[in-house]
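Residue-level structure breakdown
Each chain, letter by letter, is given below.
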Amino acid sequence: MLRKIIFLPTIFLLFCSELNAQDYFQQQVDYNIHVKLNDVSNELSAYETIGYLNNSSQTLDFIYMHLWPNGYKNDSTAMAKQMLESGNTTFYYSSADDKGYIDSLDFKVDGQPVKWEYAGDPSIVKIILNEPLKGGEKLILTTPFHVKIPNGKISRMGHIGQSYQISQWYPKPAVYDRNGWNQIPYLNQGEFYSEYGSFDVFITLPKNYVVGATGDLIDGEQEQEWLAENAQKTAAMTSLPTDMSFPPSDKETKTLHYHLSKIHDFAWFADKRYHVLKGEATLPHSGKKVSTYVMFTNANADLWKKSLQYMHDAIYYYSLWNGDYAYDVVTAVDGTISAGGGMEYPTITVIGAASNDFELETVIAHELGHNWFYGMLGSNERKHAWMDEGINSYYENRYLETVHPDAKLLGNFSSTKLAHDFDLSKYRHREEYYLTYLINAAKNEDQAIDLPAGDYTDINYAGDVYCKTALAFNYLMAYLGKPMMDSIMQTYFDTWKFKHPQPYDIQKIFDDVTGKDLSWFFDDLLETTKKIDYEIISSKKLDSAKGYDIVLKNTGQIIGPVSVAGIKNGKIRAIVWYDGFSGKKTLGFPTGEYDHFKIDYFEDIPEINRNNNTLRTSGILKRTEPFKLQFLGSIDDPDKTQLFFTPIIGWNNYNKFMLGAAFYNSILPQKKLEYIFTPMYAFGNKDLAGYAQIHYNITPDNDVFQQITLGINGARFDDASNPLNTDFNKIVPEILFKFKKKRARSNLQQTLRYRDINIIEGSVLYGESSSTYFPVEKTLHKMYNDVTYNVTNSRVINPCSAIVNFQQGDKMAKLSLTANFSFTLSKNKSIDFRIFSGTFIGTTATDAGPYAFRLSGETGSQDYLYDNVFLGRSEYTGILSQQMTETDGDFKMFTALGQSTGSLVSMNVKSSLPISPLRIYADLGASSDDYFAKAPPLYDIGIDLPIAKNIFEIYFPLFYSQDIKNEITANNLKYFQTVRFTLNFNLMNPLNIIKNLSL
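What you are looking at is a predicted structure, and each value in this text was computed from that prediction instead of being measured. (Residues numbered from 1 in each chain as written. Predicted model: local features only at pLDDT ≥ 70, side-chain atom pairs only at ≥ 80, totals over all residues. Heavy atoms only, no water.)

Some remarks on the overall build of the protein
Broken down by element type, the protein carries 17 helices and 48 strands. When each of the 999 residues of the protein is scored for burial, the buried share is 53%. Once local pairs closer than 6 in sequence are excluded, the contacts in the protein between residues at least 24 apart make up 65%. A total of about 43300 Å² of accessible surface is found on the protein, and carbon and sulfur atoms cover 57% of it. Within the protein, the 115 negative side-chain charges are centred at a point lying 4 Å from the centre of the 94 positive side-chain charges. (Helix = DSSP H or I, 4+ residues; strand = E, 2+ residues; numbered from the N terminus. Buried < 20%, exposed > 50% of the residue type's maximum accessible area, 1.4 Å probe, protein only. Contact = heavy atoms within 4.5 Å. Areas by Shrake-Rupley, 256 points an atom, 1.4 Å probe, with all protein chains shown as cover. Lys, Arg positive; Asp, Glu negative; His and termini not counted. Charge placed at Lys NZ, Arg CZ, Asp CG, Glu CD.)

Set out below in C-alpha cells:
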C-alpha cells in the first residue's frame, strides 16, 4: 500500500516535469584535448577543440571562458585574495616557481581568429564571436595552451615532486543557463559549475606513470594489462615498502585515450609510485557491474589495502538510496591536496592523508558520493553549495550509521577509560556534525545554508554548508520516514540526472511527492539563521483510555515538526511526531506507563538548546537533570546538570603560594549563562583569594549587534607586603556590545564595553592620641566609569587596530587613543607601530596626579584599575618591580620623566631582526609638561626577546635620551635593573586555555 501511495505522486511529478521542460535548457560542450606532461619542468602542453551547441533560445554574441589555472598566477587573483582573507598565507609567501598559470592561447572559432579579453579576474576571459551564435547552432572553438603546474600544497591542482594532480586545467566555457552566464573565478573555498558534454582526452607522459583519470580508457589493452599486473602484485603483498622516493622517468612515452559522455569535467592524476587494486561492484537496482580502482603510494598503504570494500559499499548504498551509478568505472587515488580532505571529479576522486581506517572510509564515501551530488546532478556548487556538499554530507552520515551503527564521536578512543572519565564515550559520530554547527550558531555567528560558497567564514563553510545541511536533511528523513525520503530523492535523481537543478527544483519535488507544506524547511531552515528549540513544560495524566496531555513551547523561530518519546526504565514505550506550531500547545500522547518524556529522543532535530527537552512524570524539580561534577570539562550534556572543575595554583609576592580550584559551567558550545569561580587559599597571608566571572550572553536578531554580554567580574588578592596596605577587592559590572559585521568574512570587528569599576582597598593607618600612635583599620572605596571602543582589522597581512578609552572617577576624566599597525615584511617578521595619545578633560593637575599619563608602561603600583596581574604589585626595587604593561607611552625603559597631568603622545616601534626571534624596539614620546618646559622629546632603543609573544617578553635597553641616562646615574642603577619584562597573565585565564584546547 505504501508503495502505491508514493508511486502516484511520482508519476504526476514526472508528467509536470515534462511540461516544465519547455522552460529548461542546457548547452552542450564536447571536448577533444591532446596534452603532454613535461615532468622535468612540471608543465603541460596541449591543444583543445571544443564543440559548443547553443540549446537556448537566445542569440549569443560572446562566450565566457574559464582559465582556472590562472587563479595561481599572482597575488591579485580572486583565489589569492580569498586565501589571505581566510588567514592562509601559503600562496602569498609562495615562490614564483610554486605559482602556476595558463598561457600560449590562440582562440579561433570555426577556424577564424577571434578577439578576447580578460573579464575582471585572470581566470575568466570573454571571447567576442565574429558572428552571433543563434539558438540551435553549433560552433567549433580551438586553441593551443600551456600550463605551468603550481605547487600542490596550495590548493586542488598541482604537483608534489613528480606526483601530479591535474584538475581544472584546461580552458572551458562558463555555464549559460536559465539565470544567464555563470562566469566565476577560481577560488580555494567554493567549487565549480560546468556544462555537460563528452570528453576525448589524450594524455602523453613517460611510460612508467600510473594514471587515474575521468572516464573509460579507450584502446588501452596494453595499459589495462599493466594495471592488472600491478593490481595482482599489490593484492599478493603481505607488507608494503615505506620508500617514498620517485623512480627515474622512463625515456619512452605512452599516450592514453580516455572517453566519457554526459559529464561536465575531466581530471587526471599520475604518479610512478602508485600501487593498484582493482575490483568490481554490483549495483542494487540494475545488477550492472562497475569496475573499481584504487591507486595509492607507500604512505598509508596499510589503510588503502582495505579501500576497495569502502568503494563497493559506498557505490551500493548511494545507488540504493538515490539511483544506480551511471558510469562503468570509478577510481580513488591517494594524493596531496590542500583544499580539504578530498576532492571529487566525475568517476574519480583524490583522497588526502588519513590517520585511521574510519577516516579513510569516511572521506572515500563522501567523495565517491559526489558522483551523484555534483557529478550526475550538476548543481551550481558556487551559488548553492548545500545542494552538493550538504546533501552529500547527509548521505555520508547515513552511510556511516548504516555500515557502522555503533560508531562514536571519538572512534576507538571512545571505549577508553579516559573517554569514560571525561564523559565522552556515549556520543555518536553524528555529534561531530552537530558540534561543528553549534560552535558558531550558539554565538549567533552562523550563516544561512543557501549562500554563495565564497561568502562563508571558514568555520561556517564546514558548520553550515556541510554539517547543518546534513543535520537538516536527517531531520527531514526522521519526520517523513526513510521510504518516503528515498522515493523523493530517487525521483529527484531520475528527473534531474545530467542536468543543472536549482534549489526550487528540488523543493518542488519534495512538495509534490509529500503533499506537505515544507516551507519551514526550505524557507526557514535553509534560507535563514533562524533556530529550532522546543521546550517541554508539563504533563498531565488523563484516564487510562485518553493517555496524557503534554504541554510544549516553541521557544525557537522555526515552526518545524517535533517528536516526543515516552520512556520507561530507559526504553522507549511510545514516540509521536507532531507538526510544528508557535507558542505553547497542549498535545495528546498515547496511554502507557512512563517515568519521563523527552523531546527528540534520537537527537534528529538540530536544536540550538537540548537542555530543556526532558520532563520526569514524578518527583520534585521534574525538569532538572541529575547533577554531574566533571573534572576539567566535557561536551555540553543535555541529560545532566554539569559543573566542571580543575585545580589551579597561583603565586604573588604577598599572597605567596595559592592553591584552589576553578569551577565553571561551559566549555563547548557557548551558553547563555556562563560562569567561572576560582577560590584559592593563600598560604602567605592565610586568607582567601581568587576571582569570578558571571556573564549572560544575548544574541539579538538585528543588523546592529552580533552579541550583547551582560556580566559581573570580581577579584580579591593581597597587593602589598607592607601591613599598611593589605588587600584589594574588585567588583566590576559590565556590558559588552559586539557589533555585527557588514560581511561575515570581514576581518573588521568592532566592540564597545562599559565597566563600572569598584575597587575596595583594605588599609591599616595610624591614628594619634595624646602620647601614642595606634593602628586604625580603614576601607577605601574607589569607583570609576570606563568606556572602551575597539575596532580591529585582524587581516593576516598588515593587521591594525584602534582603541578609544574614556575613564571617569572622582574629580578625574581622561580620554586616550591607542592605534596599532603591523607592517608585514615576510612570514613571521614585521614592523609593528603603536601610537598613543591621551589627555585629561576638565581635570586639575592636583586631581589628575594619581592618574597621570606616564611615558613608561605602567608598573603594578600605577595600575589603579587593577586590570593587570602583577607578581609584585607594590614593589619598587628588585626583579618583580621590573614587570610592566605596555600602556600609556609604552617606554620599555622605566623613567619618572614625561609624567603628565595634561596630555601625552608617544610612538613605539618593534621590528623583527634577521637573528630570530630577537626584535629591536624604539620609543619616542613627550608630554605637555615637557612642551611647556621646552624639554626635548625622550627616546629609548633596545632589544626585545619575545619568549612568548604578547605574553612574556624581555626588554634590554641599548640607547636612550641623555635625560634618562642622568636619571639612571642619579639613582645609581645597574644595567640589569634597567631591564624590564611583560608577563601578561590576562591571556592565561584557565577557562580560556581549556576552551582553546577543546577547539
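Read on, since the account is not over.
A look at the packing of aromatic side chains
In total, this model carries 73 aromatic pairs according to the counting rule given. When the ring of Y316 is compared with that of Y317, the centres are 5.1 Å apart and the planes differ by 85°; the resulting orientation is edge-to-face. Given a relative accessible area of 33%, Y316 falls into the partly exposed group. Y317 sits in the partly exposed class, given a relative accessible area of 21%. A centroid spacing of 5.7 Å and a plane angle of 50° characterise the contact between Y325 and W372, whose relative ring orientation is tilted. Note that Y325 is positioned in the loop between α5 (307-322) and β22 (329-334) and W372 in the loop between α6 (357-369) and α7 (389-403), a separation of 47 residues in sequence. (Phe/Tyr/Trp six-rings, centres within 6.5 Å; stacked < 30°, edge-to-face > 60°.)

Observations regarding the pattern of salt bridges
One pass over the structure, following the stated rule, counts 41 salt bridges. Across the salt bridge formed by K738 and E445, the nearest N and O atoms sit 2.7 Å from each other. Taken together, the positions of K738 in strand β38 (residues 725-739) and E445 in the loop between α9 (431-441) and α10 (458-480) put the pair 293 residues apart, joining distant regions of the chain. Here E761 ties to K782 by a salt bridge, and the two come within 3.3 Å at their closest N and O atoms. Here the residue E761 occupies a position in strand β39 (residues 748-768), and K782 occupies one in strand β40 (residues 773-793), the gap between them amounting to 21 residues. (Salt bridge = Lys/Arg side-chain N within 4 Å of Asp/Glu carboxyl O.)

Side note on helix α12 (residues 503-514)
Taking 1.5 Å per residue, 12 residues should reach 16 Å; α12 reaches 17 Å between its end C-alpha atoms and fits that length. Among all positions of α12, only P503, D505, I506, I509, F510, V513 and T514 are buried. Looking one or two places after α12, you find G515, whose phi comes out positive at around 70°. (Expected span 1.5 Å × (residues − 1).)

Quick look at the nonpolar core
If you look at the biggest cluster of nonpolar residues, it comprises 176 residues, and the most contacted ones within it are W169, F266, W268, F510 and F589. Take this core: its biggest share by element is 10 residues, from α10. L668, M680, A848 and F891 belong to the second-largest nonpolar core, a separate cluster that totals 35 residues. (Core = buried A, V, L, I, M, F, W, Y, C linked by side-chain atoms within 4.5 Å.)

Digging into the pairing of strand β15 (residues 197-206)
Judged by how many residues are buried, β15 sits mostly within the fold: 10 of 10 residues are covered. Where strand β1 (residues 28-38) meets β15, 6 bridges bridge the pair, whose relative direction is parallel. Bridge pairing in β15 places N32 opposite D200. (Pairing = 2+ DSSP bridges.)

Some details on the sheet that holds strand β16 (residues 210-213)
Strand order in the open sheet formed by 4 strands is β10-β11-β19-β16, and the pairing between neighbours is antiparallel. Looking at which strands have only one partner, the edges of the open sheet turn out to be β10 (158-160) and β16. Neighbouring strand axes in the sheet, compared pairwise and without regard to direction, differ in orientation by 10° on average. (Axes fitted to C-alpha atoms, helices over the stretch in contact; angles between N-to-C directions.)

Some thoughts on the side chain of S94
When you line up the elements, S94 lands in the loop between α2 (78-85) and β4 (101-103). Relative accessible area serves as the criterion here: at 11%, S94 is assigned to the buried category. Within the structure, S94 has its side chain in polar contact with the backbone oxygen of F91 (distance 2.6 Å). Apart from the residues within four sequence positions on either side, S94 is in contact with K99 and I154. (Polar contact = N/O pair within 3.5 Å; in protein donor to acceptor, adjacent residues only side chain to side chain.)

Quick notes on the packing of α9 against α10
With their axes 8 Å apart at the nearest point, α9 and α10 run at an angle of 130° to one another. When the interaxial angle is binned, α9 and α10 end up oblique. The two elements α9 and α10 meet at a crossing, and its hand is left-handed. Taking contact as the criterion, the partners of Y433, Y434, T436, Y437, I439 and N440 in α9 are, on α10, I459, N460, A462, G463, D464, C467, K468, A470 and L471. Across the contact of α9 with α10, the residue classes tally to 9 nonpolar, 4 polar and 2 charged. (Parallel < 35°, antiparallel > 145°, perpendicular 65-115°, else oblique. Left-handed = near helix turned anticlockwise from the far one by under 90°. Nonpolar A, V, L, I, M, F, W, Y, C, P; charged D, E, K, R; others polar.)

Looking at the environment of L129
Relative to the assigned elements, L129 resides in strand β8 (residues 121-133). Under the relative-accessibility criterion, L129 is labelled buried at 9%.

Description of the confidence of the model for the protein
Low-pLDDT portions of the prediction should not be read for the details of their coordinates. The share of residues in the protein with pLDDT of 70 or more is 93%, and the mean pLDDT across the chain is 91. Note on residues 993-999: pLDDT under 50 across the span, and 12 contacts to partners over four residues away in sequence or across chains. (pLDDT = per-residue confidence, 0-100.)

Quick word on the sheet that holds β22
Taking strand neighbours across the sheet as the criterion, the 5 strands line up as β20-β21-β22-β24-β23 in an open arrangement whose pairing is mixed. Sheet topology places β20 (275-282) and β23 (342-345) at the edges, where each strand pairs with a single neighbour. Strand-to-strand twist in this sheet, taken as the mean axis angle between neighbours without regard to direction, amounts to 15°. In this structure, β20 lies alongside strand β21 (residues 289-296), joined through 8 bridges in antiparallel fashion.

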